[in-house]
Every structure is written in C-alpha cells, then in structure tokens.
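So you can see what is in the structure, the chains are spelled out below.
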Amino acid sequence: RPPGCRFKNREYDTQVTINSAGLRSRPEDLASPEVVVLGDSHTWGWGVEDEETYPSILRKTSKKKVLNASVPS
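Note that the structure is predicted; figures quoted are calculated from it, not measured.

### Some points on the pairing of strand β1 (residues 4-8)
- In this structure, β1 lies alongside strand β2 (residues 13-17), joined through five bridges in antiparallel fashion. Directly across from G4, in β2, lies its bridge partner T17.
- Counting the residues in the hairpin turn of β1 and β2 gives four residues.

Dropping the structure here:
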C-alpha cells in the first residue's frame, strides 16, 4: 500500500515505493505511460531498490514514461 515500506530480511534491505494504484512505479508514470511492463517478482524488483528495477532501468535508457505494472508472487 502507498506510500510503500521497507523490506528487510537476511538477504535484502530495500525501500519499496508504491503509488496510488498500488504499483511499484512513480506516481507520474500513471498518467499516459508510453510503456507498460508486466511480469512477476523479478520484473517487480524483489530485493532491489526502486531505481534498480528492470522497468526503472528501461525508463532511464529509453527516455520513455514506463509504468511498472508487475506483481510479485
């Protein structure tokens, strides 16, 4: 749930930011995304910081508005 949480265990210690739609993406990505990424926990970014997720890296390299609509299981 927004605004997110800190996920910490033996393997990870990451801050997870969640937008108003319940997705791990920036709030501004909800309005007219150019790319919508679907997937599982790997795409969602389990165990990595927000800016290290695959959709975040895609946003940086492509210069497009990318919405991370993946769901971890």
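### Quick notes on the packing of aromatic side chains
- For the coordinates displayed, the defined rule picks out three aromatic pairs.
- Ring geometry for F7 versus Y12: centroids 6.1 Å apart, planes at 40°, classification tilted.
- By relative accessible area, which is 23% here, Y12 ends up partly exposed.
- Aromatic ring contacts, followed pair by pair, group F7, Y12, W44 and W46 into a single cluster.
- Sitting over the face of the ring of W44, R24 holds its NZ or CZ atom 4.8 Å from the ring centroid.

### As for unusual backbone geometry
- Here S32, not a glycine, exhibits a phi torsion of approximately 55°, which is positive.
- Counting through the fold element by element, S32 comes out in the loop between β2 and β3 (35-37).

### Structural notes on the side chain of D50
- As for its placement among the helices and strands, D50 is situated in the loop between α1 (41-44) and α2 (54-62).
- At 2.9 Å, the side chain of D50 forms a polar contact with the side chain of R24.
- Excluding residues that lie within four positions of it along the chain, D50 makes contacts with Q15, V16, T17, R24 and S56.

### Quick notes on the pattern of salt bridges
- All told, the structure shown has six salt bridges when counted by the stated rule.
- The salt bridge partner of R6 is D13, with a shortest N-O separation of 2.8 Å.
- Note on D13: relative accessible area 37%, which makes it partly exposed.
- For D50, the salt bridge identified is with R24, shortest N-O distance 2.9 Å. Taken together, the residues span a long stretch of sequence, with D50 in the loop between α1 and α2 and R24 in the loop between β2 and β3 at a distance of 26 residues. Just as D50 is buried, R24 falls in that class too.

### Comments concerning the environment of I18
- Note on placement: I18 falls in the loop between β2 and β3.
- Overall, I18 belongs to the buried group, its relative accessible area being 13%.
- When residues no more than four places from it in sequence are discounted, the contact partners of I18 are R1, P2, P3, G4, L23, R24 and W44.

Basis of the calculations
- Residues numbered from 1 in each chain as written.
- Predicted model: local features only at pLDDT ≥ 70, side-chain atom pairs only at ≥ 80, totals over all residues.
- Heavy atoms only, no water.
- Pairing = 2+ DSSP bridges.
- Helix = DSSP H or I, 4+ residues; strand = E, 2+ residues; numbered from the N terminus.
- Phe/Tyr/Trp six-rings, centres within 6.5 Å; stacked < 30°, edge-to-face > 60°.
- Buried < 20%, exposed > 50% of the residue type's maximum accessible area, 1.4 Å probe, protein only.
- Lys NZ or Arg CZ within 6 Å of the ring centre and 35° of its normal.
- Polar contact = N/O pair within 3.5 Å; in protein donor to acceptor, adjacent residues only side chain to side chain.
- Contact = heavy atoms within 4.5 Å.
- Salt bridge = Lys/Arg side-chain N within 4 Å of Asp/Glu carboxyl O.

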